[in-house]
Amino acid sequence: MDALAVGVIDFNAKSFEAVEANLNEGSVHYSPEPLLYFDLASLTKPLTNSLSYFLKPNAFDKNIDLCLNHRGGLPAWGLLPHIGWKEQILSYPIKESETLYSDFSALRVMLELEKKGIDQKKICSEVWDKETMYWTELPAWYPTPQFGFKNSRPNFGRVHDPNAWTINSFCSHAGLYSTVDGLCRTLLNYQNKTDFISKVKADLSKHQNRFAHGWDRVVNPDDTLAGKGCSNNTFGHLGFTGTSIWIDADKMKGHVILSNATKYHWYDKTNLNDIRRAVGETVWSN
């Protein structure tokens, strides 16, 4: 990958530390003041749908909650048309089902909330840091790994997800960009405004379903992409571009990884996952 950024968050102290490394014309450059905006990919989901739940819990009826937690029976994925994509997503019946991680379910959450007059982008952007924004709002001069380096090869223009590219406006399944500092500040804002960590922890204790309020749970702390050493009350999310968020609710500590790993690792994530585990193990042991 051409670029990698890591942030470590102490939610009790309401602070974080972060570093960014990038490969530019054969040399690795490290920066304690990160500048690159990374495609967050599916980290968009907890920063939109899950955040919306904590901001507007009364708006989430059973059907929306099933979709939030990928148990609504919608197809996992498919290429959507530019015209008629909303009608397609709304055409699928919602029926309680086994967990199937689904971009379509994430989009259905947004559309069901729209029916109730809730503007997800408006309410969520009040929590996002100024360095966390949707890809269509990135000024042309903002440095991103896809365009910031001579040999980088983007998949779909400025955003990797083809449906986000096709929709070309705010949507809840993918498309957010952020610096690592911006993402860390966003998560601190998230906790400050909603106390989501304690609420997800409480939900984890109630059931064994994979998702709790839209966050993915750690099933086996000894063999997890969150990194060895975390507690059973650890949750997070992964993104296609090599991004991740993991939060240990017992330790009140979290870490984030941002990368543009699609260039080499879209088909085989072994090396990327080794990095994810190594970063997590280092964080939880300190």
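Preceding block: the structure.
Residues numbered from 1 in each chain as written. Predicted model: local features only at pLDDT ≥ 70, side-chain atom pairs only at ≥ 80, totals over all residues. Heavy atoms only, no water.

Enquirer: Could you clarify how one ought to interpret the sheet that holds strand 4 (residues 38-39) in this entry?
Expert: Consider a sheet: its strands pair through backbone hydrogen bonds, and that pairing is either parallel or antiparallel. The strand order across the open sheet formed by three strands is 4-6-5, and the pairing between neighbours is antiparallel. Either end of the sheet is taken by a strand with one partner, and the two such strands are strand 4 and strand 5 (132-134). (Pairing = 2+ DSSP bridges. Helix = DSSP H or I, 4+ residues; strand = E, 2+ residues; numbered from the N terminus.)

Enquirer: Got a minute to help me understand the sheet that holds strand 9 (residues 234-238) in this structure?
Expert: Spatially, eight strands are ordered 3-2-1-11-10-9-8-7 in an open sheet, and the strand pairing comes out antiparallel. Each edge of the open sheet is held by one strand with a lone partner, namely strand 3 (27-31) and strand 7 (211-212). By the bridge criterion, five bridges tie strand 2 (residues 15-24) to strand 3 in an arrangement that is antiparallel. Bridge pairing in strand 3 links N24 to S27. Running over the sheet, helix 8 (residues 180-194) touches strand 1 (3-10), strand 2, strand 8 (215-217), strand 10 (244-248) and strand 11 (253-259) and is turned about 25° from strand 1. (Contact = heavy atoms within 4.5 Å. Axes fitted to C-alpha atoms, helices over the stretch in contact; angles between N-to-C directions.)

Enquirer: Quick question: what am I supposed to make of the nonpolar core here?
Expert: Generally speaking, a soluble globular protein has its nonpolar side chains buried in company with each other. Counting 67 residues, the largest nonpolar core has L183, L187, Y190, F196, W215 and F235 as the members making the most contacts within it. In terms of nonpolar packing, the next biggest core, distinct from the first, is built from ten residues, C230, W246, I257 and V279 among them. (Core = buried A, V, L, I, M, F, W, Y, C linked by side-chain atoms within 4.5 Å. Buried < 20%, exposed > 50% of the residue type's maximum accessible area, 1.4 Å probe, protein only.)

Enquirer: Would you take a moment to explain the packing of helix 1 (residues 44-55) against helix 8 for this structure?
Expert: Axes are the key here: two packed helices are described by the angle between their axes and the distance separating the axes. With their axes 10 Å apart at the nearest point, helix 1 and helix 8 run at an angle of 15° to one another. Taken together, helix 1 and helix 8 sit at an angle that is classed as roughly parallel. Taken as a pair, helix 1 and helix 8 cross one another with a handedness that is left-handed. Counted together, P46, L47, S50, L51, F54 and L55 of helix 1 and L183, T186, L187, Y190 and T194 of helix 8 form the full contact between these two elements. Split by residue class, the contact of helix 1 with helix 8 holds eight nonpolar, three polar and no charged. (Parallel < 35°, antiparallel > 145°, perpendicular 65-115°, else oblique. Left-handed = near helix turned anticlockwise from the far one by under 90°. Nonpolar A, V, L, I, M, F, W, Y, C, P; charged D, E, K, R; others polar.)

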